[in-house]
Amino acid sequence: MAQKPSIPKGTRDFSPLEVNRRNYIISTIKKHFQHFGFQPIETPSFENYDTLMGKYGEEGDRLIFKILNSGDFLKKVPDDVYQEKNSTQLTPKIVEKALRYDLTVPFARYVVQHQNELDFPFKRYQIQPVWRADRPQKGRFREFYQCDADVVGSTSLWQEVEFVQLYDAVFTSLGLKGTVIKINNRKILSGFAEVMGQPDKLIDFTVALDKLDKIGKEKVIEEMQSKGITPEAIHKLAPIFDLSGNFLEKITQLKQLLASSEVGLKGVEELAFIQKVIATMPLVTAQLDLDVTLARGLNYYTGAIFEVAAPKTVKLGSIGGGGRYDDLTGIFGLKGMSGVGISFGLDRIYLALEELDLFPKTQENATQLLFINFGEEEALYAAKALHKLREIGVNAELYPDNAKMKKQMNYANKRSIPFVVMVGTKEIAEETYTLKNMLTGTQETLKLTDLIGAVKQEVL
RNA sequence: GUGGAUGUAGCUCAGUUGGUUAGAGCGCUUGAUUGUGGUUCAAGAGGUCGUCGGUUCGAGACCGAUCUUCCACCCCA
């Protein structure tokens, strides 16, 4: 081999085991999406450059994979732009397509484009890969799947309630106990800025506040002051650094704190409603927690903000997130469409399940039975039983070559195939099959109907 | 995008201040065993030491660049 082939940075190959496990997670999520009335859509891997640019902030624009135009693309570039060597100016001249960066913006585009065919509120789910030109880290890749569910065209808080229940249903189903669904509301954060009397500092304030559990109260206050937030303002909001108690108690404290802010109180009310409904129908394994430091996606979220933390036993960040964005489709010209949605972090969930050993032991797709090949005539005889077994739903195969017994048995071992059937001249003469259990080592010789019965009992 | 670590056989890793032919364990192939796998024993295959360049009589080791993976920041799933 001249040089070992490789794959681009931040991309992965998946082995059969990994694909089976990923499919297990995806099919579980999909099942619950459907239970909650979401319908699947798919959108292209790449969109028009203009559709994506400017939607994710300056940082986002940099992380979008751009697709170079075909043909002699440099010919059309004006000389002055070419001479300048300014990438930001040159890029739009040589690029008109870009890889999907997330599923939300393509969804917004989809809704606007198909608005006349859709019945609102429109509930869709979408499970597809997205691409980001990020620097990879553990659990972070340049190509990864997002599993999103969104509702567009309804401002009802029942949607938020349902998403909390959906999270609970999926993680319960996966056996992932002790997840914490953290919820916040953008209106509460706006309320904080109002109470401070520095509404222009909203972003600086929340970005710093978001780091509370990471760097601690002192450092957060330090950062806020360095951003020009006055000590008086911070003092007014001091209670939020030590907010404690259960959901209801936090609500009570926030009501007092935000008494002077109309929008802030509105946010508190919204959370109170969600908590009230959830309280009447308790979650199975997840815990709902009010976390005012939650400040993800501030650029677009306008109401609820969600984030799901993995169980404390695994050191992983969030395994899901979401929120409400009034005017989801406004950027594409359709005003007044409120959207709310959540996302599942497939790769993080995979890591969590792996660490907690929660993947089902029996791999659905794996071969359950192997016919040993003793030669042409024997193979033909075996193939008839093989066909029958497949018909009743057994995953079975015939070793394709008349290889040494040892080799064939080894093959069954390596692939963890639990049963092996041997047919030689003796069995053909008796019209029987010898079924061997590879785990216990026991074997018995059976007629076809008994073989089918035995296999049925063991593997189905 | 900024800063730091890393790379030796399929995998996990040794390799002394630069010095003959680069090692181990596991895995792999073959045999002991022509209808019985996992255990055991024996033999064998497999490396231009990430890549390119430099220093040197001599580089796996030192220097530079580049790529990969990982970590922190930023951001995020």
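Residues numbered from 1 in each chain as written. Chains lettered and ligands numbered in written order. Predicted model: local features only at pLDDT ≥ 70, side-chain atom pairs only at ≥ 80, totals over all residues. Heavy atoms only, no water.

S.K.: Looking at this model, I keep getting lost on helix α8 (residues 186-196). Mind explaining?
M.R.: Three or four residues apart is the spacing at which side chains of an α-helix point the same way, because the helix has 3.6 residues per turn. Across the 11 residues of α8, 9 count as buried, placing the element largely inside the fold. Burial in α8 covers these residues: Arg-186, Lys-187, Ile-188, Leu-189, Gly-191, Phe-192, Ala-193, Val-195 and Met-196. On its buried side, α8 packs onto β7 (180-185), α9 (202-209), α12 (231-236), α13 (247-257), α14 (262-280) and β9 (304-309). The N-cap residue of α8 is Asn-185: its side-chain oxygen and the backbone nitrogen of Lys-187 are 2.8 Å apart. (Buried < 20%, exposed > 50% of the residue type's maximum accessible area, 1.4 Å probe, protein only. Helix = DSSP H or I, 4+ residues; strand = E, 2+ residues; numbered from the N terminus. Contact = heavy atoms within 4.5 Å. Polar contact = N/O pair within 3.5 Å; in protein donor to acceptor, adjacent residues only side chain to side chain.)

S.K.: Just to check I follow, could you spell out the pairing of strand β12 (residues 369-372) for this structure?
M.R.: Along any regular strand, the residues point their side chains to alternate faces of the sheet. On β12, burial covers both faces: Leu-369 and Phe-371 on one face and Leu-370 and Ile-372 on the other are all buried. With 4 bridges joining them, β12 and strand β14 (residues 419-422) adopt parallel strand pairing. Paired with Ile-372 across the bridge in β14 is Met-422. (Pairing = 2+ DSSP bridges.)

S.K.: Can you walk me through the packing of aromatic side chains in this structure?
M.R.: Each aromatic ring pair is summarised here by two numbers: the centre-to-centre distance and the angle between the ring planes. Applying the stated criterion across every chain, the model contains 17 aromatic pairs. Ring centres of Tyr-301 and Tyr-325 lie 5.9 Å apart, and the angle between their planes is 15°; this geometry places the pair in the stacked category. Taken together, the residues Tyr-301 in the loop between β8 (287-290) and β9 and Tyr-325 in strand β10 (residues 318-325) connect sequence positions 24 residues apart. The residues Tyr-301 and Tyr-325 share a single accessibility class, namely buried. Three or more aromatic residues joined by ring pairs make a cluster, and in this case those are Phe-33, Phe-38, Tyr-125, Phe-163, Tyr-167, Phe-171 and Phe-344. Here the guanidinium or amino end of Lys-123 rests over the ring plane of Phe-38, the centre of that ring lying 4.8 Å away. If you follow Arg-132 out to its NZ or CZ, it ends over the ring of Tyr-101, 4.2 Å from the centre. (Phe/Tyr/Trp six-rings, centres within 6.5 Å; stacked < 30°, edge-to-face > 60°. Lys NZ or Arg CZ within 6 Å of the ring centre and 35° of its normal.)

S.K.: Can you help me understand the side chain of Thr-367 in this one?
M.R.: Positionally, Thr-367 belongs in the loop between α15 (346-355) and β12. A polar side-chain atom of Thr-367 sits 2.5 Å from a polar atom in the side chain of Glu-397. One polar contact links Thr-367 to Arg-415, side chain to side chain, over a distance of 3.1 Å. In this structure Thr-367 touches Asn-395, Ala-396, Glu-397, Arg-415, Ile-417 and Pro-418, once residues within four positions along its chain are discounted.

S.K.: Which parts of the structure should I look at to understand the UniProt feature "binding site: L-histidine" (unreviewed entry) in chain A?
M.R.: When the UniProt feature table is mapped onto this chain, "binding site: L-histidine" (unreviewed entry) is found at Asp-102, Leu-103, Thr-104, Arg-132, Gln-146, Asp-150, Arg-296, Tyr-300 and Tyr-301. Tracing the backbone through its elements, the reader meets Tyr-300 in the loop between β8 and β9. Sequence-distant contacts of Tyr-300, that is, excluding residues within four places in its chain, are made with Arg-324 and Tyr-325. Ignoring any residue separated from it by four or fewer positions in sequence, one finds Tyr-301 in contact with Arg-186, Arg-296, Gly-322, Gly-323, Arg-324 and Tyr-325. (UniProt positions renumbered as here; feature names shortened; annotations may be inferred.)

S.K.: In this structure, what is going on with the packing of α13 against α14? I would like to understand it.
M.R.: Contact geometry of α13 with α14 gives a least axis separation of 10 Å together with a crossing angle of 165°. Taken together, the axes of α13 and α14 are roughly antiparallel relative to one another. Relative to α14, the crossing made by α13 is left-handed. Across the interface between the two elements, Phe-247, Leu-248, Ile-251, Leu-254 and Lys-255 from α13 touch Leu-265, Val-268, Leu-271, Ala-272 and Gln-275 from α14. (Axes fitted to C-alpha atoms, helices over the stretch in contact; angles between N-to-C directions. Parallel < 35°, antiparallel > 145°, perpendicular 65-115°, else oblique. Left-handed = near helix turned anticlockwise from the far one by under 90°.)

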